[in-house]
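# Structural overview for review
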Amino acid sequence: MVYPDFSNGVKEVDLGPKDSFTKFPVEVEVEGFDFFLAQGKDGVLRLMSSLCPHSWGTVYLEDTCFMCPSHGWRFEYYTGNCINGPIAQMFTFEVTDRDGHLYASLPEGKK
Ligand code: FES
């Protein structure tokens, strides 16, 4: 399993005004990659990659969870934790609400 590489630091990405999101989870595109913006029962916002942590399938939004069609792993809406397989979690990134504007902290990438 490959994890996001934060060794080159973190960059903050502007997701837009919080008011522009009327429901969670919602699909969002960030720098050409697909993510889900989700809000936990605790109110915490998280950005989750649509890349499956098992073997890079594409996770999609179902009625009650996230689903990867490649091997059937399902992930809980609020945390991205796998609910029908081994201990695993969708790649999840911190989201900050600053003055009503949302920012995600993503790996800087290779330099
Ligand atoms: S790649 Fe997603 S369950 Fe295997």
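Above: the structure in question.
The rules behind these values
- Residues numbered from 1 in each chain as written.
- Predicted model: local features only at pLDDT ≥ 70, side-chain atom pairs only at ≥ 80, totals over all residues.
- Pairing = 2+ DSSP bridges.
- Helix = DSSP H or I, 4+ residues; strand = E, 2+ residues; numbered from the N terminus.
- Axes fitted to C-alpha atoms, helices over the stretch in contact; angles between N-to-C directions.
- Core = buried A, V, L, I, M, F, W, Y, C linked by C-beta atoms within 7 Å.
- Buried ≥ 20, exposed ≤ 12 C-beta atoms within 10 Å, placed from the backbone.
- Contact = placed C-beta atoms within 7 Å.

### A word on the sheet that holds strand β4 (residues 45-49)
- Strand order in the open sheet made by the six strands is β1-β9-β8-β4-β3-β2, with antiparallel pairing throughout. One side of each edge strand has no neighbouring strand; the edge strands of this open sheet are β1 (10-17) and β2 (26-30). For this sheet, the mean inter-axis angle between neighbouring strands, taken without regard to orientation, is 35°.
- Bridge count between β1 and strand β9 (residues 101-107): seven bridges; the pairing is antiparallel. For K11, the partnering residue across the bridge sits in β9 and is L106.

### A look at the nonpolar core
- Counting residues in each nonpolar core, the largest one holds 20 residues, and the members touching the most others are F36, L37, L47, M48, V59, F66 and F75.
- Listed by contribution, the elements that provide at least two residues to this core are β3 (33-39), β4 and β9.
- At four residues, β3 tops the list of elements feeding residues into this core.
- What L37 contacts, discounting residues up to four positions off in sequence, is L15, F21, F24, P25, V26, V28, L45 and L47.

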